[in-house]
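Structural description and commentary
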Amino acid sequence: MDLRIFTEPQQGADYDTLLKVARATEELGFDAFFRSDHYLSMGAADGLPGPTDAWITLAGLARETKRIRLGTLMTAGTFRLPGVLAIQVAQVDRMSGGRIELGLGAGWFEEEHRAYGIPFPKEKFGRLEEQLEIVTGLWDTEVGKTFSYDGRYYQLADSPALPKPAQAKVPVLIGGHGASRTPRLAARFADEFNIPFASLEDTGRQFARVRAAAEEAGRPADALVYSNALVVCVGRDDAEVARRAAAIGRDVDELKANGLAGSPAEVVDKIGRYGALGSTRIYLQVLDLDDLDHLELISAQVQTQLG
């Protein structure tokens, strides 16, 4: 089971804070550092000192880390034109020496679009499908040849399809709870399917849908990695769990029901139950980015039991 650290910096984190967390992620033996792609805080958070851009952040971290994988859960398709996104991701992949992964979603948070003047189209899923076709098509085009695309939403003519990523294949992540279109897109384009903040029951159902869609598309179901993203709150005792839950404005019982919370033994047990459903990778949503002792505890007493 791979454990990856997943952050939500729109809630309030500058680049220096993210760098500290990424370096701790690397030093403590976690597999990867991922971040959300949002420009507006949610809930009661004030979001200070203000948002950071996902791909600018990852470009910086690409030069300041050496081992960990880096990526997004999920880049909002509404934020970037697909040709520009292909260039950005390829460049950051080269800057990292081939450690980038692209999670790409349709975009959903209408308020942040209004707040920053970003168009929020009604038809997002069809756009996402074309974006996936274009981004992967640009990367797959042989050097010296051109790429053209005539879609409903995007048109490209004689693109040189440059630059190329450092990796022969940048892993593409697709995720969500949709019962039909999401599994179909994952079957076509994804190297990994991620379901965020889902119960064991919902995880099992969605994994089964994606596996069936992959086989229907002519791919082995096991060709995809299956993963979960879950909030994490671990403590050495009940008091420490309660302190960490309070720091992120959450209730302990709710966290235990909907995430990975409690003692290291409790968290290891619940991760094992997700593993039994086919999950081989967990994105640990860490909400208090100043609590690096939390990461140390997870590394020492959770990760070591999952190796």
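Keep in mind that what you see is a predicted model, and the values were worked out from it rather than measured.

**Overview of the overall build of the protein chain**
The number of helices and strands found in the protein chain is eleven helices and twelve strands. Computed over its C-alpha atoms, the radius of gyration of the protein chain comes to 19 Å, within 12% of the 19 Å expected for a compact globule of 307 residues. Dimensions of the protein chain, computed from C-alpha atoms along their principal axes, come out at roughly 60 × 45 × 35 Å. Counting all 307 residues of the protein chain, 54% fall into the buried class. In the structure as shown, the protein chain presents an accessible area of about 13400 Å², 51% of it carried by carbon and sulfur atoms. Charged side chains in the protein chain number 34 positive and 44 negative. The centres of these two groups are separated by 4 Å.

**A word on the pattern of salt bridges**
Tallied over the entire structure, the rule returns 25 salt bridges. A salt bridge links Arg 236 to Asp 293; the shortest N-O distance between them is 3.2 Å. Of this pair, Arg 236 sits in the loop between strand S10 (225-234) and helix H8 (238-247) while Asp 293 sits in helix H11 (residues 292-306), and the two are 57 residues apart along the sequence. Among the residues examined, Arg 236 registers a relative accessible area of 44% and is labelled partly exposed. Each of the salt bridges in this network shares a partner with another, and the network as a whole consists of Arg 236, Glu 240, Arg 243, Arg 244, Asp 291 and Asp 293.

**Considering unusual backbone geometry**
Backbone torsion omega between Leu 48 and Pro 49 reads 10°, so that peptide bond is classified as cis. Residue placement: Pro 49 occurs in the loop between strand S2 (32-35) and helix H2 (54-64). Its identity is not glycine, yet Asp 158 carries a phi of approximately 55°, on the positive side. With respect to the element layout, Asp 158 can be found in strand S7 (residues 155-159). Taking the relative accessible area as the measure of exposure, Asp 158 reaches 55% and is therefore exposed.

**Brief notes about the environment of Thr 146**
Structurally, the position occupied by Thr 146 is in the loop between helix H5 (125-140) and strand S6 (147-150). Separated by twelve residues in sequence, Thr 146 and Asp 158 place their C-alpha atoms 5.1 Å apart. When residues no more than four places from it in sequence are discounted, the contact partners of Thr 146 are Thr 141, Asp 158 and Ser 159.

**Some remarks on H8**
Residues Glu 240, Val 241, Arg 244 and Ala 245 constitute the buried set of H8. With its buried residues spanning 135° around the axis, H8 presents them on a single face. Exposed residues on H8 whose side chains face more than 90 degrees from its buried face are Asp 238, Ala 239, Ala 246 and Ala 247. Looking at the buried residues of H8, the elements they touch are S10, helix H9 (252-258), strand S11 (260-262) and H11.

**A look at the packing of aromatic side chains**
What the rule picks out here adds up to seven aromatic pairs. Their ring planes at 70° and their centres at 5.0 Å tell us that Phe 34 and Tyr 283 sit as a pair that is edge-to-face. Here Phe 34 is found in strand S2, whereas its partner Tyr 283 is found in strand S12 (residues 281-286), with 249 residues between them in sequence. Measuring from centroid to centroid gives 6.4 Å for Phe 147 and Tyr 149, while their planes differ by 10°, and the two rings are stacked. The pair Phe 147 / Tyr 149 is uniform in exposure class, with both members buried. Taken together, the ring pairs in this structure connect Tyr 39, Phe 79 and Tyr 116 into an aromatic cluster. Of note, Arg 181 hangs over the ring of Phe 125, and the distance from its end group to the ring centre comes to 4.2 Å.

Reading the values: rules and limits
- Residues numbered from 1 in each chain as written.
- Predicted model: local features only at pLDDT ≥ 70, side-chain atom pairs only at ≥ 80, totals over all residues.
- Heavy atoms only, no water.
- Helix = DSSP H or I, 4+ residues; strand = E, 2+ residues; numbered from the N terminus.
- Rg over C-alpha atoms; globule rule 2.2 N^0.38 Å.
- Buried < 20%, exposed > 50% of the residue type's maximum accessible area, 1.4 Å probe, protein only.
- Areas by Shrake-Rupley, 256 points an atom, 1.4 Å probe, with all protein chains shown as cover.
- Lys, Arg positive; Asp, Glu negative; His and termini not counted.
- Charge placed at Lys NZ, Arg CZ, Asp CG, Glu CD.
- Salt bridge = Lys/Arg side-chain N within 4 Å of Asp/Glu carboxyl O.
- Contact = heavy atoms within 4.5 Å.
- Arc of directions from axis to C-beta.
- Phe/Tyr/Trp six-rings, centres within 6.5 Å; stacked < 30°, edge-to-face > 60°.
- Lys NZ or Arg CZ within 6 Å of the ring centre and 35° of its normal.

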